[in-house]
Amino acid sequence: MLPPRFKRRTRIMLLIFAIFLAPILARAAFYAAGSDARSWRDADWSSTGALPQAQDYEPARLVVFTGQTGAWKGIFSVHSWVVFKAAGAKRWTRYDVVGWGTPVRANGWPADGRWYGNMPVAIADVSGPQAEKLIPKVEQAVRAYSYNRSGDYRIWPGPNSNSFTAAVLRAVPELKVALPANAIGRDYRSGLYAGKTDSGTGVELNAYGLFAVKLGWIEGVEVNLLGLVAGLDIRHPAVKLPGFGRIGVESPVATALAR
């Protein structure tokens, strides 16, 4: 008969496997069976038409996008970027971080372009006077991003593309939004952190982005284990699983932009 201590450890290990590893294995199976582009050369990076032409849209507007990334990274994570235009501007401005050369890139792809052939999802979309107020904060956050030199990018645990967008969102808490659970690198911190969550609506304990616990209105309940995040979305009921992000009610922002 197994001793009680061994039984407890076994249960804990099985729980960790069920919550954090089983979803990744399922995502890997979907990837292996799918026909998604396996390299950037094969992928479609064109505009989706989700945003109007800038010259045809007068008000200021600010949008935060995520898109499932490609090749093996798509098993684990999405990529995120920020798009905006000032009132009367004749073009959109897009900022991403990439893993080659100088990390911060401006207008490297269409503002609403597919990412590795995948349709982007908007997690924030504001326009008019509110966007006019927030865009300067976004621009300042881009200029102030600490990891902007060649060689600063690290795919895991960060700083990567999602670490960049998370830094922008922290600088603009008025958006009241957080990156999805499968945005690997969004929780990256250069040390230990205890304080408000990215959205400013909750509290967070974080160790280098490798281990974290969050409780907030926007974030819901989240546990980060080595960059993999599981939890519950209370505001828009859903479960959060590694690899999948969230499974449940879609956010109103994502639904509206898809119309």
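Since we're looking at a predicted model, the values are computed, not measured. (Residues numbered from 1 in each chain as written. Predicted model: local features only at pLDDT ≥ 70, side-chain atom pairs only at ≥ 80, totals over all residues. Heavy atoms only, no water.)

## Examining the pattern of salt bridges
The criterion, for reference: Salt bridges are counted wherever a side-chain nitrogen of Lys or Arg sits within 4 Å of a carboxyl oxygen of Asp or Glu. Each helix is a run of DSSP H or I of at least 4 residues and each strand a run of E of at least 2, with the numbering of both proceeding from the N terminus. The rule is simple: take the accessible area with a 1.4 Å probe, protein chains only, and divide by the maximum for that residue type; under 20% is buried, over 50% is exposed, in between is partly exposed.
All chains considered together, the criterion is met by 13 salt bridges. With a closest N to O distance of 2.6 Å, Lys-240 and Glu-222 form a salt bridge. In this pair, Lys-240 sits in strand β11 (residues 238–241) while Glu-222 sits in strand β9 (residues 220–225), placing the two residues 18 residues apart along the sequence. Of the two residues, Lys-240 and Glu-222, both sit in the buried class. Asp-233 is the salt-bridge partner of Arg-246, the closest N and O atoms lying 2.8 Å from each other. Placement of Arg-246 in strand β12 (residues 245–248) and of Asp-233 in strand β10 (residues 228–233) is noted, with a sequence separation of 13 residues between them. Judged by relative accessible area, Asp-233 falls into the buried class, the value being 9%.

## Overview of helix α2 (residues 129–144)
Spelled out, the test is: Expected span of a helix, by definition, is 1.5 Å for each gap between consecutive residues, and there is one gap fewer than residues. Note that the bend at a residue is defined as the angle between axes fitted to the seven residues ending at it and the seven residues starting at it. The contact criterion used throughout is that any non-hydrogen atoms of two residues lie within 4.5 Å.
Its 16 residues give α2 an end-to-end C-alpha distance of 24 Å, which sits within 8% of 22 Å, the value for a rise of 1.5 Å per residue. Along its length, α2 reaches its greatest deviation from straightness, about 25 degrees, at Ile-135, and the proline Pro-136 lies no more than four positions downstream. Summarising the contacts, the buried residues of α2 are in contact with β1 (61–68), β2 (78–85), β3 (93–97), β4 (104–106), β5 (121–127) and α3 (161–171).

## Focus on the sheet that holds strand β7 (residues 202–207)
We apply this condition: Any two strands with at least two DSSP bridges between them are considered paired. Fitted lines through C-alpha atoms give the axes, limited to the stretch in contact for helices. The angle between two N-to-C directions lies from 0 to 180 degrees.
Reading across the sheet, the 7 strands line up as β6-β7-β8-β9-β10-β11-β12 and stay open at both edges, with antiparallel pairing between neighbours. Edge positions in the open sheet fall to β6 (192–196) and β12, since each of these has one partner strand only. On average, each strand axis in the sheet is tilted by 10 degrees relative to the strand beside it, whichever way the strands run. With 5 bridges joining them, β6 and β7 adopt antiparallel strand pairing. Its bridge partner being in β7, Ala-194 is matched across the sheet by Leu-205.

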